[in-house]
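What follows is each chain in one-letter form.
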Amino acid sequence: MPPLRELVRVLCTASERAALIARTIRTDADLLRLLIREKSPKLKGPDMTLTTDLMTLADVLIQNAIRREILMHFPEMASTVFGEEQDDHFSTSTGENVAFAIGATAEDTRRTLLTLLEGHEHAATVLANIVHCTLENVPINSDDLARVEGDFDSLRTGVWIDPIDATSSYTVEGGRGNFQDGIAKDSCLPVVTVLIGAFDLQTGTPLCGVVNQPFSEFLGQSGPGSYDDVGTIKEDTDDSYEVTVTPVAKKPVAKRKISRTDSLLFSGAFDEWTGRCLWGVAPHAAGRVGVFSQHPPRSQPAVPSRIFVHSKSESKSVLSRANDGIVLRATGGAGYKLLLVCDEIARGFFLTGGSTYKWDTCGPHAILMAMGGNLLDARSLSPVLYHQPDAHDDDGPEKWANKGGLLAFVNGEAFVTMKVLIAP
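Residues numbered from 1 in each chain as written. Predicted model: local features only at pLDDT ≥ 70, side-chain atom pairs only at ≥ 80, totals over all residues. Heavy atoms only, no water.

Quick look at the side chain of Glu-85
Right, so step 1: Locating Glu-85 in the fold gives a position in the loop between strand E1 (81–83) and strand E2 (89–91).
Right, so step 2: Although Glu-85 is buried, it makes no salt bridge; Arg-67 carries the closest opposite charge, 14 Å away.
Right, so step 3: Setting aside chain neighbours within four positions, we find Glu-85 in contact with Thr-56, Asp-59, Val-60, Gln-63 and Pro-163. (Helix = DSSP H or I, 4+ residues; strand = E, 2+ residues; numbered from the N terminus. Buried < 20%, exposed > 50% of the residue type's maximum accessible area, 1.4 Å probe, protein only. Lys, Arg positive; Asp, Glu negative; His and termini not counted. Salt bridge = Lys/Arg side-chain N within 4 Å of Asp/Glu carboxyl O. Contact = heavy atoms within 4.5 Å.)

Thoughts on unusual backbone geometry
Right, so step 1: Put simply, His-295 and Pro-296 share a cis peptide bond, and its omega is -10 degrees.
Right, so step 2: Its place among the elements puts Pro-296 in the loop between strand E13 (291–295) and strand E14 (307–310).
Right, so step 3: The backbone phi angle of Asn-137 is positive, close to 55 degrees, even though this residue is not glycine.
Right, so step 4: Mapping Asn-137 onto the fold places it in the loop between helix H5 (121–132) and helix H6 (142–146).
Right, so step 5: In this structure Asn-137 comes out as exposed when scored by relative accessible area, which is 74%.
Right, so step 6: One non-glycine residue, Glu-344, lies in positive phi territory at about 60 degrees.
Right, so step 7: Tracing the backbone shows Glu-344 in the loop between helix H10 (334–342) and strand E16 (348–351).

Structural notes on the side chain of Thr-157
Right, so step 1: Position of Thr-157 relative to the elements: it lies in strand E4 (residues 157–165).
Right, so step 2: Of note is the side chain of Thr-157, whose polar atom sits 2.7 Å from the backbone oxygen of Asp-153.
Right, so step 3: If near-sequence neighbours (up to four positions away) are discounted, Thr-157 is found in contact with Leu-7, Met-77, Thr-80, Phe-152, Ala-198, Phe-199, Leu-201 and Leu-207. (Polar contact = N/O pair within 3.5 Å; in protein donor to acceptor, adjacent residues only side chain to side chain.)

Description of the pattern of salt bridges
Right, so step 1: With the rule as written, the count across this model stands at 14 salt bridges.
Right, so step 2: The salt bridge involving Glu-121 is made with Arg-110; its shortest N-O contact spans 2.6 Å. Here Glu-121 is found in helix H5, whereas its partner Arg-110 is found in helix H4 (residues 106–116), with 11 residues between them in sequence.
Right, so step 3: Classification of Arg-110 as buried rests on a relative accessible area of 15%.
Right, so step 4: Residues participating in the shared-partner salt-bridge network are Glu-107, Asp-108, Arg-110, Arg-111 and Glu-121.

Observations regarding H10
Right, so step 1: Counted residue by residue, H10 has nine buried out of nine residues, so it is predominantly covered.
Right, so step 2: All of the buried residues along H10 are Ala-334, Gly-335, Tyr-336, Lys-337, Leu-338, Leu-339, Leu-340, Val-341 and Cys-342.
Right, so step 3: After H10 finishes, the residue Glu-344 shows a positive phi value of roughly 60 degrees.

Describing the packing of helix H1 (residues 4–27) against H5
Right, so step 1: Between H1 and H5, the shortest axis-to-axis distance is 10 Å and the interhelical angle comes to 165 degrees. Taken together, the axes of H1 and H5 are roughly antiparallel relative to one another. The crossing of H1 and H5 is right-handed. Only Val-126, Leu-127, Ile-130, Val-131 and His-132 of H5 make contact with H1, whose side of the interface consists of Arg-17, Leu-20, Ile-21, Thr-24 and Ile-25. (Axes fitted to C-alpha atoms, helices over the stretch in contact; angles between N-to-C directions. Parallel < 35°, antiparallel > 145°, perpendicular 65-115°, else oblique. Left-handed = near helix turned anticlockwise from the far one by under 90°.)

Now the structure itself:
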């Protein structure tokens, strides 16, 4: 059987590739223009028509890229890697039905993307190259990885993938957000997460998991690609603009032409971000020790947090039961709320509704267990399991919803507080 630390390494690498795709779409002029074309009435025009929804395509592309990474190392798991995106088919403006699949080479993938993106050559090329490139300096602590003991049965292991959690935050214009007590108050890029979790196919218990936050820290602004300043935009006679940009490395001034609609996105500069990666291996009764790691590390708060996070749609009757000893904060993204608990910015996350899914919780669940915590069904108060649906009578993705709600915590005191809070 393969070593468990190798599975952890592969999942971290896959999550970092996903994060790179997510960041590239948000910082590349052409890709960003396609992403938010439906968000802004200013971005309408004949060159803005695109049948394929780029957000859906980004989800499918990232999920397939993660799947490809896993199967390159563990091909025997081909039938047990699952994800949020369950339909890989797209219709083009010509009525052609295209099934997306990553090709054997970057050129094969580029051709498929070019069909779906209907002639947007730059976008197709950039995305295909990221999928097939060799990643270096993947943020994984080698000392922590060396602490992962034992092997795993790849024929008994399944994987849940959420390629981009909190898509509404991903497509928001701007994206830096407003924060209170270290928690996002509105939709913004730091809420976005990539979630990958491995679990035992027979028992449903989490094995190991990764949470990647592609937009963890805002670094500043730069021009398109590696440029740090965008010069004056002057209008050309052919209804396009010539943009002069000054490269960071003080190389000769570069010029490129962009369309009139492109220029609406050139507000002067693009936001640049760096990400974080957390991973954990759940302890096991057979003797496996839990391991938790994060890169870059984030120091724990000096005083234990009194904050509990919840969904913006949480029942008002539940929220009204909070006493003066706790602070409630509403924020977006299931993965983000679970990340806040892992970071101990929040003591716990409670959810009484069934609005999360197995792909949302499997990865963070393993990390919480590695830290000594857990993720429970809010009704049964038993650990959430991942090998079978909670609702066998539902069709499609809904059958994989966590119907009983959630209680996420690192320490038992937080569990008791939330148990009282949600009690009927």
